[in-house]
Amino acid sequence: MTEAWLNVDITHRRRSFLLEARWEMRDSALALFGPSGAGKTTLLHLIAGLLPPDRGHIHFRGRVFSNPGQFVPAHRRNFGVVFQEPRLFPHLNVRRNLTYGQPSHPRADAPSLPQVVDSLGIEDLLPRRPAQLSGGEARLVSLGRALLSGPQMLLMDEPFSGVDLGKKRQVLEFLRTLRRERSLPMLLVSHSMGEILELTSQVVVLERGQVLASGDFFEVLQAPNSISLADRLGIENLLHVDVEDHRPDQAVTGRLGDQQVLLPPAAEAAPGKGWVAVRPDDIILARQAIEGTSAQNRLQGTVQGISTHHGKFLVHVDVGQPLRVEVTERSVRELSLTVGAPVFCLIKTFSFRWRTIP
Amino acid sequence: MFEPLTPTELSALELSLKVSATATLLCLPLGILFGWLLARKTFLGKLIVEALLSLPLVLPPVVTGYLLLLAFGRNGWIGRWFEEWWGWTLPFHWSGAAVAAAVVSFPLMVRSVKVSMQAVDPRLEAAARTLGASPARVFLGVTLPLALPGVLAGTILCFARSLGEFGATILFAGNVEGSTRTIPLAIYSSLQRVDGDVAAARLVALSVVIAVSALALHEWLVRRIARAPEQT
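The rules behind these values
In every chain, residue numbers begin from 1 and rise along the written sequence. Each chain gets a letter, beginning with A, and each ligand a number, beginning with 1, in the order they are written. Restriction of local features to residues with pLDDT of at least 70 applies here, the model being predicted, together with a cutoff of 80 or more for giving and counting side-chain atom pairs; totals for whole chains, interfaces and linings are based on all residues. Counting from the N terminus, the helices are the DSSP runs of H or I reaching at least four residues and the strands are the DSSP runs of E reaching at least two. Think of it this way: build a C-beta for each residue from its backbone, and any pair within 7 Å is a contact. To get the radius of gyration, use the C-alpha atoms; to get the globule rule, take the number of residues to the power 0.38 and multiply by 2.2 Å. Each residue is classed by its C-beta neighbour count within 10 Å, where at least 20 other C-beta atoms makes it buried, 12 or fewer makes it exposed, and intermediate counts make it partly exposed; the C-beta atoms are placed from backbone geometry. Residue-level confidence of the predictor is what pLDDT reports, using numbers from 0 through 100. We treat two strands as partners when DSSP finds at least two bridges between them. Throughout this entry, Asp, Glu, Lys and Arg are counted as charged residues, while Ala, Val, Leu, Ile, Met, Phe, Trp, Tyr, Cys and Pro are counted as nonpolar. The remaining residues, Gly among them, count as polar. The nonpolar core criterion groups buried Ala, Val, Leu, Ile, Met, Phe, Trp, Tyr and Cys residues into a set whenever they are joined through C-beta atoms within 7 Å. Residue ranges labeled as domains rest on an automatic or database domain assignment. A helix's residues, less one, multiplied by 1.5 Å, set its expected span. Regarding the arc, it is the one traced by the directions from the helix axis to the C-beta atoms. Angles shown run from 0 to 180 degrees and are taken between the N-to-C directions of axes, each axis being a line fitted to C-alpha atoms and, for helices, limited to the stretch in contact. Left-handed describes a crossing in which the near helix is turned anticlockwise from the far one by less than a right angle; the clockwise case is right-handed. Orientation is classified from the angle alone, with under 35 degrees giving roughly parallel, over 145 giving roughly antiparallel, 65 to 115 giving roughly perpendicular, and any other angle giving oblique.

A. Summary view of the overall build of chain B. A count of helices and strands for chain B gives ten helices and zero strands. In chain B, the order of α-helices and β-strands from amino to carboxyl end is α-α-α-α-α-α-α-α-α-α. Expressed along its principal axes, the backbone C-alpha trace of chain B runs to roughly 70 × 45 × 30 Å. Considering only residue pairs separated by 6 or more positions, chain B has 74% of its internal contacts joining residues 24 or more positions apart.

B. Fine view of the overall build of chain A. Along its length, chain A carries nine helices and 21 strands. Taking 358 residues into account, the globule formula puts the C-alpha radius of gyration at 21 Å, and chain A, at 23 Å, falls close to it. Each principal axis of the C-alpha distribution contributes one length, and for chain A these read about 70 × 45 × 45 Å. Expressed as a percentage of its 358 residues, the buried residues of chain A come to 41%. Of all intrachain contacts in chain A linking residues separated by at least 6 positions in sequence, the fraction that spans at least 24 positions is 67%.

C. Quick peek at the confidence of the model for chain B. Chain-level pLDDT for chain B is 90 on average; 97% of the residues reach the 70-or-more range. For this predicted complex, the interface confidence reaches an ipTM of 0.83, while the overall pTM sits at 0.79.

D. Broad picture of the pairing of strand β15 (residues 272–278) of chain A. Residue and element names in this part refer to chain A. With seven bridges connecting them, strand β12 (residues 237–245) and β15 associate as antiparallel partners. Each bridged residue has a counterpart across the sheet, and for Val-241 the counterpart in β15 is Gly-274. Judged from the three bridges that link them, β15 and strand β21 (residues 353–355) form a sheet pairing that is antiparallel. Bridging across to β21, Trp-275 finds its partner in Arg-355.

E. Region of interest: the interface of chain A and chain B. Chain A puts 20 residues into the contact, and the matching count from chain B is 15 residues. Per-class residue counts for the side of chain A that touches chain B are ten nonpolar, six polar and four charged.

F. Just the nonpolar core, in detail. Ile-47, Val-141, Leu-155, Met-186, Leu-187 and Val-204 of chain A are the most contacted members of the largest nonpolar core, which totals 78 residues. Among the elements that make up this core, the one with the highest residue count is helix α4 (residues 135–148) of chain A (seven residues). Leaving out residues up to four positions away in the same chain, Met-186 of chain A has contacts with Ala-29, Met-153, Leu-154, Met-156, Leu-175, Arg-179 and Leu-199 of chain A. In terms of nonpolar packing, the next biggest core, distinct from the first, is built from 47 residues, Leu-90, Ala-98, Val-110 and Ile-183 of chain B among them.

G. Highlighting the domain arrangement of chain A. All names here are of chain A. Under the domain assignment, chain A is made up of domain 1 (6–220) and domain 2 (236–355). Opposite the four residues of domain 1 that make contact, domain 2 presents four residues. The biggest single contributor to the side of domain 1 that touches domain 2 is helix α6 (residues 193–197), with three residues. A breakdown of the residues in the side of domain 1 that touches domain 2 according to their chemical character gives three nonpolar, one polar and no charged.

H. Inspection of the pairing of strand β20 (residues 342–347) of chain A at higher detail. All names here are of chain A. The buried fraction of β20 amounts to five of the six residues, a majority that puts the element mostly inside the structure. Here strand β16 (residues 284–286) pairs with β20 via three bridges, running antiparallel. Residue pairing for β20: Ile-284 is matched across the bridge by Leu-346.

I. Focus on helix α5 (residues 165–181) of chain A. Residue and element names in this part refer to chain A. An ideal rise of 1.5 Å per residue puts 24 Å on 17 residues; α5 measures up with 24 Å between its terminal C-alpha atoms. Val-171, Phe-174 and Leu-175 are the residues of α5 that are buried. Projected down its long axis, α5 shows its buried positions confined to an angular sector of 100 degrees, all on one face. Exposed side chains of α5 directed beyond 90 degrees from the buried face belong to Leu-165, Gly-166, Arg-169, Glu-173, Arg-180 and Glu-181. Directly after α5, the chain includes Ser-183, whose backbone phi takes a positive value near 35 degrees.

J. A look at the packing of helix α1 (residues 7–40) of chain B against helix α5 (residues 94–118) of chain B. Residue and element names in this part refer to chain B. Packing of α1 against α5 brings their axes to within 6 Å, and their N-to-C directions diverge by 35 degrees. With respect to the hand of their crossing, α1 and α5 are arranged in right-handed fashion. Counted by class, the contact of α1 with α5 contains 21 nonpolar, six polar and three charged residues.

K. Molecular detail of the environment of Gly-215 of chain A. Inspection of the secondary structure puts Gly-215 of chain A in strand β11 (residues 210–216). Note: C-alpha distance between Gly-215 of chain A and Leu-98 of chain A (117 residues apart in sequence) is 34 Å.

L. Spotlight on the sheet that holds β15 of chain A. Residues and elements named next belong to chain A. Strand order in the open sheet made by the five strands is β14-β13-β12-β15-β21, with antiparallel pairing throughout. If you trace the sheet from one side to the other, it starts and ends with β14 (259–263) and β21, each paired once. The mean angle between the axes of side-by-side strands here comes to 45 degrees, regardless of whether they run parallel or antiparallel. Relative to β14, strand β13 (residues 252–256) runs antiparallel, the two sharing five bridges. Along β14, the bridge assignment pairs Gly-254 with Val-261.

M. Expanded view of unusual backbone geometry. All names here are of chain A. A positive phi angle, near 60 degrees, is found at Asn-78, a position not held by glycine. With respect to the helices and strands, the residue Asn-78 is situated in the loop between β6 (70–71) and β7 (79–82). Of the residues examined, Asn-78 has 19 C-beta atoms within 10 Å and is grouped as partly exposed. Unusually for a residue other than glycine, Glu-158 sits at a positive phi of about 45 degrees. Its place among the elements puts Glu-158 in the loop between β8 (153–157) and α5. According to the C-beta neighbour criterion, Glu-158 is buried, with 21 such atoms within 10 Å.

N. The packing of helix α2 (residues 46–58) of chain B against α5 of chain B, seen in detail. All names here are of chain B. Between α2 and α5, the shortest axis-to-axis distance is 7 Å and the interhelical angle comes to 120 degrees. One finds that α2 runs oblique with respect to α5. Seen from above, α2 lies across α5 with left-handed handedness. Of the residues in α5, those touching α2 at Leu-53, Ser-54, Pro-56 and Leu-57 are Val-103, Val-104, Phe-106, Pro-107 and Val-110. Residues of the contact of α2 with α5, tallied by class, amount to eight nonpolar, one polar and no charged.

Given below as structure tokens:
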């Protein structure tokens with residue numbers, strides 16, 4: 001058995017909110033996933049050493065960081081933290097913010113200031129004051145500052161909110177490189193599964209302070225209680241497809257069980273297997289096989305059940321894999337959607353999005 | 001009336017500046033320490049400490065001076081030790097005037113520092129800690145610079161209050177020309193004389209000049225901090 005990167009088993013109470021978490025980080029990247037108010041940020045602060053847990057322990061690579069009667073303070077943990085707010089020092093310019101945590105003798109494999117500045121594309125910001133930055137820019141500087149402190153692990157709390165898509169891709173690529181080439185472990189807090197899957201498929205799912213599930217996201221989703229989990233967390237459908245034909249800049253043909261699907265062009269999708277996502281409200285349900293629509297995909301399935309969640313009706317359809325479709329109450333009545341009813345799911349090619357996993 | 005300063009006036013001016021500067025230098029480090037403690041720490045008896053520190057602000061200065069005399073006078077329970085160990089007595093010495101001014105002005109310094117440190121976002125300090133900064137480095141590199149305008153305001157306030165100190169000084173340090181007769185005491189002494197009106201007026205004008213200069217200096221420093229050129 002390999003040693004875990006991070007070993008967490010703690011209890012923390014703040015007034016009526018109780019956080020109980022027990023999990024291990026076995027892969028070099030892990031995401032804490034869950035709706036807001038689930039305790040993700042609190043857990044991150046406990047790991048960072050900004051809060052002492054009421055009970056339990058936190059070990060990092062076999063070293064005790066929190067234990068009864070033992071607490072390593074934040075400044076000795078050497079974790080780079082990217083907080084939800086950028087928290088840049090307003091009295092220092094960007095350059096001095098970036099170098100604030102830089103050790104006087106950085107490790108040989110630590111990224112240098114020019115490397116970080118270049119990878120994040122923030123050269124132009126160096127002389128500016130934090131007050132002169134946009135939210136997304138400030139977030140990038142905050143990430144750069146954490147990276148330059150020579151961390152043994154990177155803790156990131158929603159690091160991409162406000163960062164534009166192009167920048168986000170660039171930064172994700174940089175993070176993947178850091179993970180691969182400098183084996184920098186990272187813990188990501190996010191409520192966006194799409195964002196998480198860009199970095200890792202290892203997740204700890206939190207809700208109301210409790211760990212609902214942990215492990216590989218796709219295994220977690222396919223566990224027996226996974227549909228209710230997915231519903232409660234309001235996440236998109238993920239389908240496992242076999243890629244049949246893949247040519248650059250052309251729609252990809254694939255198979256979902258014995259049904260054919262037409263998927264959007266993908267830069268990285270290699271022949272073999274892949275994951276695609278589709279939102280429950282991007283799917284049209286029909287009782288008959290309707291011809292002559294622009295929806296290229298018509299997946300046949302049967303209704304497995306109907307649930308309501310926050311006033312939404314979700315029809316669970318078995319198309320070989322579980323698929324959730326969001327409909328109105330009126331559709332449920334008019335289409336006589338009942339358990340066992342055969343249905344067709346109409347999905348546009350571009351409603352599918354590729355999920356690449358490193 | 002607009003003649004150069006007389007030797008008596010010059011002595012009062014020098015003494016006032018010396019006493020106030022000393023009082024401010026005494027207050028500054030202690031004010032930063034207590035302001036930070038009150039802004040950032042919770043400890044047993046915090047309310048009592050806070051009340052005690054504010055006491056000189058609400059007590060009549062004469063009462064403060066009298067209490068100082070009880071404590072630090074020749075026969076006072078602390079003053080006795082001072083004299084025995086160091087042969088040093090505060091009353092009737094300019095250092096006594098400085099201590100009186102410091103005690104009376106201290107609450108202004110502490111309050112100003114406390115308020116400005118409370119305004120520093122603790123999340124910035126937490127961020128600095130995660131970047132490996134020791135508590136001392138967090139304080140010197142983040143908390144103090146961000147609270148600087150308040151610390152500065154407290155310093156000027158403290159200095160100005162020290163310049164104006166009268167009641168505690170006259171009771172504790174006495175009114176001795178050349179050693180404890182600061183400008184306010186000199187004004188009082190002039191007014192005691194039948195022909196002292198002009199002398200008093202000149203001293204009044206002098207204190208106005210000093211007070212306005214202190215305020216101007218404060219304003220200038222605050223603006224300088226606000227647009228400090230960043231060294232890179």
